[in-house]
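Examining the three-dimensional arrangement
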Amino acid sequence: MRIPKASVVATVAALFAALTGCGFLTGESAPSASDGTCTEQNLRLATIRAEDDPATLAANHFAESVARATDGRITVRVFPNSQLGDFNGIFAGLSSGQGVDLFYEGITIYPTLEGANAFTVVSVPFMWDSYEQLVGVLRSEEFAELFEQAAQQTGVRVIAVEGDAEPRALSANRPIVTPEDMRGLKLRIAQAPMPQEFARALGANPQVVPLADLYLALRQGVVDAQENGAITMINQSLHEVQSHYMPTNYIRDARSWYVNDAWWNGLCAEDREAITQAAIEAGRLNTAEVGKQLTAAEEQLRSTISVVEPDVEAFRAALEGRFDQFDGQLWPEGLLEQTRQIRDAQR
């Protein structure tokens, strides 16, 4: 799992000190100009979320905070709703240093970049009881080393892990209470290995459908269930074409701030500090907004469709050991057990 310590030990030590104090990640110090001065910056910040989504609200807050902290020397323009492309296109721009400077989205998409594969482990179903538990592991000393390795290998660095996201749930046109209820379900899932294996392991038929096409796919019966959470259910009007909602919370996410690694290491220390602190502050705003929107969305669902409490422990038992097969394939060997140990030490 570990990379040679000689190449990262100093950086990891700095990362861990920052993580345990404030929950942010930084690269090695480097000036933004040859003489170490801080320069003017006009930055482009991308989100793939709608204008009223907590992530985009946080991005706008971030832009205001950075401008204020730097007396307008650094400006940030926010591009929401995939205006700069989907997450694959945004990552391509970040890694090449072209077209986009920052990206705010969940940590679960990081492993779509070759070199950040280790982070697939955080998407193992029913791994986390809460957002706090997840970020506690991500801010550990062990994961600081994985973040540094990923930054070096992908060219995309995570500078802060801060911001809750709605957990993945289930909706269908019948109640899903036990794992047996999943059999034969035509389930729309995300294009990611863990949701796909979750569906197959429980006898469902996973189908990848773009979010933009999901409403029509549900209405026409192409699929009869999906696994977005309550906020997305309301924002996408999926409650109009589904009769039951089950808050399984089977995969959790932590929104993270992505940047081009070379650009970050070229900033002066003052600017890195300002940007990091703005990211943390904006991420906390995102968390508060997610809580408010999730409560409101769940209340709206209860007034329009049936909300059914699933037997989460039965799901956990049915999936016990199912994802061990990916150890050494989708993530470094031994990382799954180590992640569980770090998680359990927090309890």
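Residues numbered from 1 in each chain as written. Predicted model: local features only at pLDDT ≥ 70, side-chain atom pairs only at ≥ 80, totals over all residues. Heavy atoms only, no water.

**A word on the overall build of the chain**
A count of helical and extended segments in the chain gives 12 helices and 11 strands. Buried residues in the chain amount to 53% of all 347 residues. Partitioning the intrachain contacts of the chain with sequence separation of at least 6 by distance along the chain shows that 76% fall at a separation of at least 24. When the accessible surface of the chain is split by element, carbon and sulfur atoms take 46% of a total near 14300 Å². (Helix = DSSP H or I, 4+ residues; strand = E, 2+ residues; numbered from the N terminus. Buried < 20%, exposed > 50% of the residue type's maximum accessible area, 1.4 Å probe, protein only. Contact = heavy atoms within 4.5 Å. Areas by Shrake-Rupley, 256 points an atom, 1.4 Å probe, with all protein chains shown as cover.)

**Comments concerning helix α5 (residues 141–154)**
Here α5 spans 20 Å end to end across 14 residues, near enough to the 20 Å set by a 1.5 Å rise per residue. Of all 14 residues in α5, 10 are buried; the element is thus mostly enclosed. Every buried residue of α5 is accounted for by Phe143, Ala144, Glu145, Leu146, Phe147, Glu148, Gln149, Ala150, Ala151 and Thr154. Positive phi appears at Gly155, one or two residues downstream of α5, with a value of about 80 degrees. (Expected span 1.5 Å × (residues − 1).)

**Points about the state of the cysteines**
According to the stated counting rule, one finds one disulfide in the structure shown. For Cys38, the disulfide goes to Cys268, at an S-S distance of 1.9 Å. Linking Cys38 and Cys268, the disulfide has an S-S dihedral of approximately 110 degrees and is accordingly described as right-handed. Of the two residues, Cys38 is situated in the loop between α1 (5–21) and β1 (41–46) and Cys268 in the loop between α9 (261–265) and α10 (269–304); the sequence distance between them amounts to 230 residues. (Disulfide = S-S within 2.5 Å.)

**A short note on the sheet that holds β1**
Pairing between sheet strands relies on hydrogen bonds along the backbone, with the strands arranged either parallel or antiparallel. Read from one edge of the open sheet, five strands run β2-β1-β3-β10-β4, paired in mixed fashion. The outermost strands of the open sheet, each flanked by one partner alone, are β2 (74–79) and β4 (156–164). The sheet shows a mean angle of 25 degrees between the axes of neighbouring strands, taken without regard to direction. Strand direction decides the pairing type here: β4 and strand β10 (residues 254–260), joined by six bridges, are antiparallel. Each bridged residue has a counterpart across the sheet, and for Val156 the counterpart in β10 is Asn260. (Pairing = 2+ DSSP bridges. Axes fitted to C-alpha atoms, helices over the stretch in contact; angles between N-to-C directions.)

**Considerations on unusual backbone geometry**
A positive phi is found at Asn81, a non-glycine position, where the angle reads about 55 degrees. Residue class for Asn81 comes out partly exposed when judged on its relative accessible area of 43%. Of note in the backbone geometry, Ser82 takes a positive phi value of approximately 60 degrees without being a glycine. Within the element layout of this structure, Ser82 appears in the loop between β2 and α3 (87–96).

**Details of the sheet that holds strand β8 (residues 225–226)**
Overall, mixed pairing links the six strands, which are arranged β7-β6-β8-β5-β9-β11 in an open sheet. With one partner strand each, in any of the chains shown, β7 (205–208) and β11 (306–307) form the two edges of the open sheet. In this structure, strand β5 (residues 168–172) lies alongside β8, joined through two bridges in antiparallel fashion. Its bridge partner being in β8, Ala172 is matched across the sheet by Ala225. Here helix α6 (residues 193–201) sits on the sheet in contact with β6 (186–189), β7 and β9 (244–251), set at roughly 170 degrees to β6.

**Thoughts on the confidence of the model for the chain**
Summing up the model confidence of the chain, the mean pLDDT is 91 and the portion of residues at 70 or higher is 90%. Predicted confidence for residues 1–14 stays below pLDDT 50, and this span has 21 contacts to residues more than four positions away or in other chains. In the model, residues 16–35 has pLDDT below 50 throughout and makes 62 contacts with residues more than four positions away in sequence or in other chains. (pLDDT = per-residue confidence, 0-100.)

**Remarks on the pairing of β1**
Relative to β2, β1 is paired through six bridges, and the arrangement is parallel. Within β2, the residue paired with Ala46 across the bridge is Phe79. Between the parallel elements β1 and β2, the chain passes through helix α2 (residues 54–69) in a crossover that is right-handed. Pairing geometry for β1 and strand β3 (residues 102–106), over two bridges, is parallel. Bridging from a neighbouring strand, Leu45 pairs with Leu102 of β3. (Right-handed = clockwise from strand over helix to strand, strands pointing away.)

**Notes on the packing of aromatic side chains**
This model, assessed by the stated rule, comprises 15 aromatic pairs. For the pair Tyr110 and Phe119, a centre-to-centre distance of 5.3 Å together with 35 degrees between the ring planes defines the contact as tilted. Seen in terms of ring centroids, Trp263 and Trp264 are 6.2 Å apart; in terms of plane orientation they differ by 55 degrees. Their pairing is tilted. Each member of the pair, Trp263 as well as Trp264, is classed as buried. (Phe/Tyr/Trp six-rings, centres within 6.5 Å; stacked < 30°, edge-to-face > 60°.)

**Remarks on the nonpolar core**
Inside soluble globular proteins, nonpolar side chains tend to come together where they are buried. Membership of the largest hydrophobic core comes to 58 residues, with the highest contact counts inside it found for Ile107, Tyr110, Phe119, Leu138, Phe143, Met182 and Tyr258. With five residues, helix α4 (residues 131–138) is the single largest residue contributor to this core. Non-local contacts of Leu138, meaning those with residues more than four positions away in its chain, are made with Ile107, Phe119, Val122, Phe143, Phe147, Val161 and Ala254. Among the nonpolar cores identified, the runner-up in size contains 25 residues, and Leu45, Ile74, Trp257 and Leu267 belong to it. (Core = buried A, V, L, I, M, F, W, Y, C linked by side-chain atoms within 4.5 Å.)

**Points about the packing of α5 against helix α12 (residues 335–346)**
Between α5 and α12, the shortest axis-to-axis distance is 10 Å and the interhelical angle comes to 135 degrees. With respect to their mutual orientation, α5 and α12 come out oblique. Listed contacts from α12 to Glu142, Phe143 and Leu146 of α5 are Leu335, Gln338, Thr339 and Ile342. Partitioning the contact of α5 with α12 into residue classes produces four nonpolar, two polar and one charged. (Parallel < 35°, antiparallel > 145°, perpendicular 65-115°, else oblique. Nonpolar A, V, L, I, M, F, W, Y, C, P; charged D, E, K, R; others polar.)

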